[in-house]
Amino acid sequence: MSLAQVHYTSAAPGDEGTAGRFTAVGPGVSGALLAEIEPLLRHELPDGVPDHPSDGELRSLPQAFTYAALSDGSRLVSRSAPVRATGGGVGPGVRFHAHAVHLPPGVPLPGDRLPVEAWRSPHWGAGTPGGAIPVHLPPGVPLPGDRLPVEAWRSPHWVAVTPGGAIPDPLTLPPGPTAVSEGLDDFAVSRGPWLAAVLADLRRASEPTESGGRPVVLVERQSADVARWLGLASVTLPRESAERLTFTTYTRRPGSSAGRVVGVLPEDAETARAAGLRVHVCAGQPPSAGGTDDAWAATAARVWRSRSPELFREARELPGEPFAAGPLAVTALCAGITLGPDERAAAAGWAADRPYALDAKRTGQLVEALTSPGIDDRTGPEFDAVGRLFGALEGRCPAAVTAPLAAMLVTEAVRGGNGSLELPRRDAFVGPEGAAVAERLAPEILTELSDTAGTRSVARTVQLLRVARLLGVDGTDALPGVVDRLAPALLAEAAAEGGTDTPDFAPALLELLDEQFEVRTALLGSLDRIAPQDPGAVARFLERVTLPFTGTQALPHLRMCAEVPGAMATLGGDRPAVWHRVLRAAGLSPFAEPLVLRTAVGLVWEDRAPTVDEARLLLDAATSDSHRVAGTWARLVDAALGAPAAEPSATGTPAGPSAASTDEAAALAHDLLRGFPGEIGGRERAGLLLLDLVRELRTGAPEPGWAETVRTLCAQAEPVEPALRERAHAALVERLLAPDRPGAELYDFVHGDDTELIAAYDRIARTETVRTRLRTQPAYAADCFTVWTAHPHAGRTWPPVAAALLDEVLRPAVRAMSAEDVAEVEATVGRTGSSGRADAFRTWNRSSTLGRLGRRIAGRVRRG
């Protein structure tokens, strides 16, 4: 069919305010389409165009070759080129002429060509042709300005007609390759530094969802080079993608262009950047860094630099997504093209997912390319992909084909330290290939496994052990040392990772234990031996990694560590019950294996000390020898020293639950001092002796020098627990407040002038227990009067405290007594002291009575 053509040229003299005018419009192009087409055909010359350019200068000016999609679904292919002016126009000596061909919706280019192939068509016109080109008006479309047809009679825009003149179609090209394909290889090589990044952006620009509102900008000195970029895209991209790639090879306003790809001159590059567009300056210094992380684009760039564009067609015949890097990378590798690690990984991954897509010849070529000894930039993802490829090909291809892959994988596992590799099976190395690999790697494996100075990760050790077995390397002599270093490393790395997820090394570790019985036995035994040192860490590790220790090995400590989470969940806060259950899981008596005590205590009381009752349970559960071997006696000491303080009592008997636990703590301290005399020393021993003194002060007769002993032991136990200090002071003061206390002890206490002890005495003397005894027991009140008045000059601390107790504690108690009780207090003071002491009491009591009488009289006077 004949396609409609449009010609548009610079404005003629006198057409002020217009950029140009249509000089010919073919049939089927409506006025509305002309309004949409006109901005696409306008041509803005670059700055600095000479007034009268030479022919060479005129040819060097940029041409705008455009392929645009119109709003009605039709398309436009056009060329706007500078021409020499004959008068008027854009500049003194240069104007432009645009020639366009309109393609209705659904109509392909002649010969099913791509638009860019018409770039150098010889049929593009530099002026309006001399043939008859009528102006076609579609049905219902009026003339511009609603004129009548006769009014166009004298229009200056009618073109002279040459009878019989033919109007050539620039899209009708001769058969065979068109000019756009000529020299593309050389152009691609010259643009090597930019190839990958530009192809990646051209691919994105060709996607169906690409709006075209934010074009990719290519900066070249010649607009023809922009067309060559589009020629590269037409060869590289699939047909449907290339057809979506609208473009113009030259514009001065890239931000307002509707094309997906636009070309600009270097002087307009900054304008494009300011508009926020993706700009590739291909006319200056090459970029310092590699252009893209798009593996498909990087592979396509290498194909072009290898001058092998026919590989794009071959790659499109392989299964896969249009822009998947795998098919193109496989095709390039099989053709002997050198690729980077990401592209090789893509090829190996694609072939692993489609092991039947390649024939035997191509499979061999791919394996040979991937395992080439000249490659020195392999990465972890590439090795992982090669491992998957080996797994897919093993059993489907002869061993001679897959052996190089297996050798490369195990060599990387040993020399590259890649712990995530999926290793081949053991039978992959049967034959001379396996012997050669084993001979080469065995010394390196044994040397590293035997190295005790370096720090290897768990994954590395596991990988070396697995490779050693794979190659048949005998590491029996090194195994004990390897396992002894591996066991604590498991706990350390798992703790360092944190969280509750399975550690990264766990899958490979479990495979190792499943593969090698001797390693499993040795490793579980080593973990069982170190569990008593940090059972909590082992228990947390077993919650994240389920080790296979359900066989015939005893492993008492590992079984206890595995049992504790379930026991905690079932029994909750009943720690003694949890302890019994965990201990039963060991399957051994603490008398036969004392270390199970340490493990059980560490699991149940990991971050805290037992209570006194719990400590008593632990002490009675085994002999002192067992606790001594297990080291759990230290936990019992902590329980005794950390017991809470008791409520004070003036009678020396417990005053409540805390006092009862204090008595238990004191009894526990006494038993610990007897059971572990050689183990307990230092401040812990002094603290237990303080507790033992508390027991004797409340239940027996301690050695003389109570106050001094308390002071000495507190100093030796520094830093002494506040509750323990309070407990010792309270026990001493309670005994000194008792009626049967030795006078010498009281004298030493008073004259010791110990501020803390006297403050404790003052505090306990003011308790309700003491006040009640003072009110109800005249003999006790008499004794306190004697004590509180007997040492008026004993240091600086005691006299004011004693005076305050007389006035604030004893006086209210005496006031509350009956006359008979007061008389008994006076008589008791006289019997135990002297007549002078009795007179002192009467004087003290009389002053109190007179004070009361005086206050009563004063009150009556005020009321009167």
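Here the structure is shown first, and the text comes after it.
These numbers were taken from a predicted model, which means no experiment stands behind them. (Residues numbered from 1 in each chain as written. Predicted model: local features only at pLDDT ≥ 70, side-chain atom pairs only at ≥ 80, totals over all residues. Heavy atoms only, no water.)

A. The arrangement of the sheet that holds strand S8 (residues 261–264) in detail. Sheet architecture is open: nine strands sit in the order S2-S1-S5-S4-S3-S7-S8-S6-S9, paired in mixed fashion. Of all the strands in the sheet, the pair left with one neighbour each is strand S2 (20–25) and strand S9 (278–281). Judged from the 10 bridges that link them, strand S4 (residues 75–84) and strand S5 (residues 94–103) form a sheet pairing that is antiparallel. For Leu 76, the partnering residue across the bridge sits in S5 and is His 102. Sheet strands in contact with helix H4 (residues 192–205) are strand S6 (216–219), S8 and S9, and its direction is about 150° off that of S9. (Pairing = 2+ DSSP bridges. Helix = DSSP H or I, 4+ residues; strand = E, 2+ residues; numbered from the N terminus. Contact = heavy atoms within 4.5 Å. Axes fitted to C-alpha atoms, helices over the stretch in contact; angles between N-to-C directions.)

B. The arrangement of the pairing of S4 in detail. S4 sits mainly inside the fold: nine of its 10 residues count as buried. The pairing of strand S3 (residues 64–69) with S4 spans six bridges and is antiparallel. The residue of S4 that forms the bridge with Tyr 67 is Val 77. Counting the residues that bridge the hairpin from S3 to S4 gives five residues, and of these Gly 73 lies at a positive phi of roughly 95°. (Buried < 20%, exposed > 50% of the residue type's maximum accessible area, 1.4 Å probe, protein only.)

C. Main features of the pairing of S8. Residues of S8 alternate between two faces, with Val 261 and Gly 263 on one and Val 262 and Val 264 on the opposite face, all of them buried. Where S6 and S8 come together, four bridges link them in parallel fashion. Each bridged residue has a counterpart across the sheet, and for Val 216 the counterpart in S8 is Val 261. Where strand S7 (residues 247–248) meets S8, two bridges bridge the pair, whose relative direction is parallel. Opposite Thr 248, over in S8, you have Val 262 as the bridge partner.

D. Just the packing of helix H10 (residues 325–334) against helix H11 (residues 341–353), in detail. For the pair H10 and H11, the least separation of the axes is 7 Å and the interaxial angle reads 105°. Judged by the inter-axis angle, H10 sits roughly perpendicular to H11. Mapping the contact onto sequence places Ala 325, Gly 326, Pro 327, Ala 329, Val 330 and Leu 333 in H10 and Glu 343, Arg 344, Ala 346, Ala 347 and Trp 350 in H11. Across the contact of H10 with H11, the residue classes tally to eight nonpolar, one polar and two charged. (Parallel < 35°, antiparallel > 145°, perpendicular 65-115°, else oblique. Nonpolar A, V, L, I, M, F, W, Y, C, P; charged D, E, K, R; others polar.)

E. The arrangement of helix H22 (residues 575–586) in detail. Taking 1.5 Å per residue as the helical rise, H22 with its 12 residues ought to reach 16 Å, and the 17 Å between its terminal C-alpha atoms agrees with that figure. Those residues of H22 lying buried are Arg 575, Val 578, Trp 579, Val 582, Leu 583 and Ala 586. Projected onto a plane normal to the axis of H22, the buried residues spread over an arc of 130° and lie on a single side. Tucked into the core, H22 has its buried residues touching helix H21 (556–571), helix H23 (595–604) and helix H24 (612–621). Taken from the residues just after H22, Gly 587 is the one with a positive phi, measuring 75°. (Expected span 1.5 Å × (residues − 1). Arc of directions from axis to C-beta.)

F. Just the side chain of Arg 466, in detail. Here Arg 466 is to be found in helix H16 (residues 458–471). Non-local contacts of Arg 466, meaning those with residues more than four positions away in its chain, are made with Leu 423, Ala 508, Glu 511, Leu 512, Glu 515 and Gln 516.

G. Examining unusual backbone geometry more closely. Looking along the chain, the bond that leaves Glu 718 and enters Pro 719 is cis, with omega of -5°. Relative to the helices and strands, Pro 719 resides in the loop between helix H29 (706–716) and helix H30 (722–737). We note that Asp 753 has phi near 55°; this positive angle belongs to a residue other than glycine. Exposure remark for Asp 753: the relative accessible area of 27% places this residue in the partly exposed category.

H. Spotlight on helix H1 (residues 31–41). Among the residues making up H1, those that are buried are Leu 33, Leu 34, Ile 37, Glu 38 and Leu 41. On an axial view of H1, the arc spanned by its buried residues comes to 140°, and they lie on one face. Among the exposed residues of H1, those oriented more than 90 degrees off its buried face are Ala 32 and Ala 35. At its buried positions, H1 is contacted by strand S1 (4–10), S2, S4 and S5.

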